[in-house]
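Chain residues, written in single-letter form:
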Amino acid sequence: MNRKSFLGTIFSGVFISKFGFAKNAPGVFAEPFSLPALPYTYNALEPHIDALTMEIHHSRHHQAYVTNLNKAIVGTPAESISLDEIIKNISKYPAAVRNNGGGHWNHSFFWKILSPQKQQPSEKLLETINKNFGSLEKLQSEFNTAATSRFGSGWAWLIVQDGKLKICSTPNQDNPLMDIAEVKGKPVLGIDVWEHAYYLKYQNKRADYVKAFWNLVNWQEVEQLMK
Ligand SMILES: [Fe+2]
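Each chain carries its own residue numbering, running from 1 in the written order of its sequence. Local features in this predicted model are restricted to residues whose pLDDT is 70 or higher, and side-chain atom pairs enter the listing and the counts only when it is 80 or higher, whereas totals over whole chains, interfaces and linings include all residues.

### Quick notes on the pairing of strand 3 (residues 154-161)
- Put simply, a residue is buried when 20 or more other C-beta atoms lie within 10 Å of its own C-beta and exposed when 12 or fewer do; between those, it is partly exposed, and each C-beta is set from the backbone. Helix and strand definitions follow DSSP, with helices as H or I runs of at least four residues and strands as E runs of at least two, each counted in order from the N terminus. Counting buried positions along strand 3 yields 6 of 8 residues, so the element is predominantly enclosed.
- At least two DSSP bridges between two strands are needed for those strands to be called paired. Relative to strand 4 (residues 164-171), strand 3 runs antiparallel, the two being bridged by 8 bridges. Following the sheet pairing, Gln 161 is matched in strand 4 by Lys 164.
- Linking two consecutive strands that pair antiparallel, namely strand 3 and strand 4, is a turn of 2 residues; a positive phi of about 50° is found at Asp 162 within it.

What follows is the structure, given as structure tokens:
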């Protein structure tokens, strides 16, 4: 039984993909992808990221990626393919799927690696960081450089590549899981450096936003993603 007929049989409107998003069953609801709820309130990341930025970022920007992704895949085989699979083979899809599918994946990831409570990496994670970068400060410095030097809009990432931690960045809504990525790997931490992520509070001072980001890192989630 394929997924479509299984879902049709149980007449369930919702499919939880391995990424954890609700994915509506084709034919039951017109739109297969939906906006995931934030795991905290809009003001939870204050003062580092303000509530209005979070509200606009989540309810308008992320929602727009979801809406436009659904529009881009309607009536195509991608309607019944998981977002992870689409991202892995993104070179086979049109630009609208790359931009909006990437936007949906990246933002869903971003919300999960932020925490309202300041966290420290565990001893075990610190050991791994020290082994790969020498120190947490060196990791942060390399990450900050990737984030601040990304020209225009994009993302900076901490990835696992062949068992090693690496820093890289991608333009627009690309990410290191995409087959077209210059540096490929599994993201375990990332920062959105589009102006919509910080401009209301930080204006042109991207470096201040990147510095503040370190107060919000959900290190527990980072460690979990590394497993
Ligand atoms: Fe964004």
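Further notes follow.
### A closer look at the sheet that holds strand 3
- Sheet architecture is open: 3 strands sit in the order 4-3-5, paired in antiparallel fashion. The open sheet is flanked by strand 4 and strand 5 (186-192), the only strands paired with a single partner. Sheet twist, expressed as the mean angle between neighbouring strand axes with direction ignored, is 20°.
- Strand direction decides the pairing type here: strand 3 and strand 5, joined by 6 bridges, are antiparallel. From the neighbouring strand, Trp 157 faces strand 5, where its bridge partner is Gly 190. Helix axes use the C-alpha atoms of the stretch in contact, all axes being lines fitted to C-alpha atoms, and the angles between their N-to-C directions lie in the range 0 to 180 degrees.

### Side note on the environment of Lys 88
- With respect to the secondary-structure elements, Lys 88 resides in helix 3 (residues 83-88).
- Separated by 88 residues in sequence, Lys 88 and Pro 176 place their C-alpha atoms 9.3 Å apart.
- Among all residues touching Lys 88, those that are not within four sequence positions of it are Leu 177 and Asp 179. This entry defines residue contacts through backbone-placed C-beta atoms, with two residues in contact when those atoms are within 7 Å.

### Structural notes on the nonpolar core
- If you look at the biggest cluster of nonpolar residues, it comprises 41 residues, and the most contacted ones within it are Ile 87, Ala 147, Ala 156, Trp 157, Leu 158, Leu 189 and Ile 191.
- Among the secondary structure elements, those contributing two or more residues to this core are helix 2 (51-73), helix 3, helix 4 (95-112), helix 6 (136-149), strand 3, strand 4, strand 5 and helix 8 (206-213).
- Those residues in contact with Ala 147 that lie beyond four places of it in its chain are Ala 156, Ser 169, Ile 191, Val 193 and Val 210. When buried Ala, Val, Leu, Ile, Met, Phe, Trp, Tyr and Cys residues are joined through C-beta atoms within 7 Å, the set is termed a nonpolar core.

### Observations regarding the packing of helix 6 against helix 8
- With their axes 10 Å apart at the nearest point, helix 6 and helix 8 run at an angle of 145° to one another. Note on packing geometry: the crossing formed by helix 6 with helix 8 is right-handed. Listed contacts from helix 8 to Asn 144, Ala 147 and Thr 148 of helix 6 are Arg 206, Ala 207 and Val 210. Handedness of a crossing is defined here by the sense of rotation of the near helix relative to the far one, left-handed for an anticlockwise turn of less than a right angle and right-handed for a clockwise turn.

### Examining the confidence of the model for the protein chain
- Summary of the metric used: pLDDT quantifies the predictor's per-residue confidence within the range 0 to 100. On average, residues of the protein chain carry a pLDDT of 89, and 86% of them reach 70 or more.
- Here residues 1-30 is modelled with pLDDT under 50, and outside its nearest four sequence neighbours on either side it reaches 40 contacts, counting other chains as well.

### Describing the environment of Pro 94
- Relative to the elements of secondary structure, Pro 94 occurs in the loop between helix 3 and helix 4.
- On the basis of neighbour counts, which here come to 12 C-beta atoms within 10 Å, the residue Pro 94 falls in the exposed class.
- Spatially, the C-alpha atoms of Pro 94 and Ile 73 are 9.6 Å apart, while their sequence positions differ by 21 residues.

### Topic: unusual backbone geometry
- Residue Pro 47 follows Glu 46 across a cis peptide bond; omega there is 5°.
- Looking at where Pro 47 falls in the secondary structure, it is placed in the loop between strand 2 (22-24) and helix 2.
- If you check the backbone angles, Asn 172 has positive phi at about 50° while not being a glycine.
- Along the chain, Asn 172 falls in the loop between strand 4 and strand 5.
- Phi at Gln 203 takes a positive value of approximately 45°, unusual for a residue other than glycine.
- Considering the arrangement of structural elements, one finds Gln 203 in the loop between helix 7 (199-202) and helix 8.

### Quick notes on helix 6
- Over its 14 residues, helix 6 runs 20 Å from end to end, which matches the ideal 20 Å to within 8%, given 1.5 Å per residue.
- As for helix 6, its buried residues are in contact with strand 3, strand 4, strand 5 and helix 8. Multiplying 1.5 Å by the residue count of a helix minus one yields the expected span of that helix.

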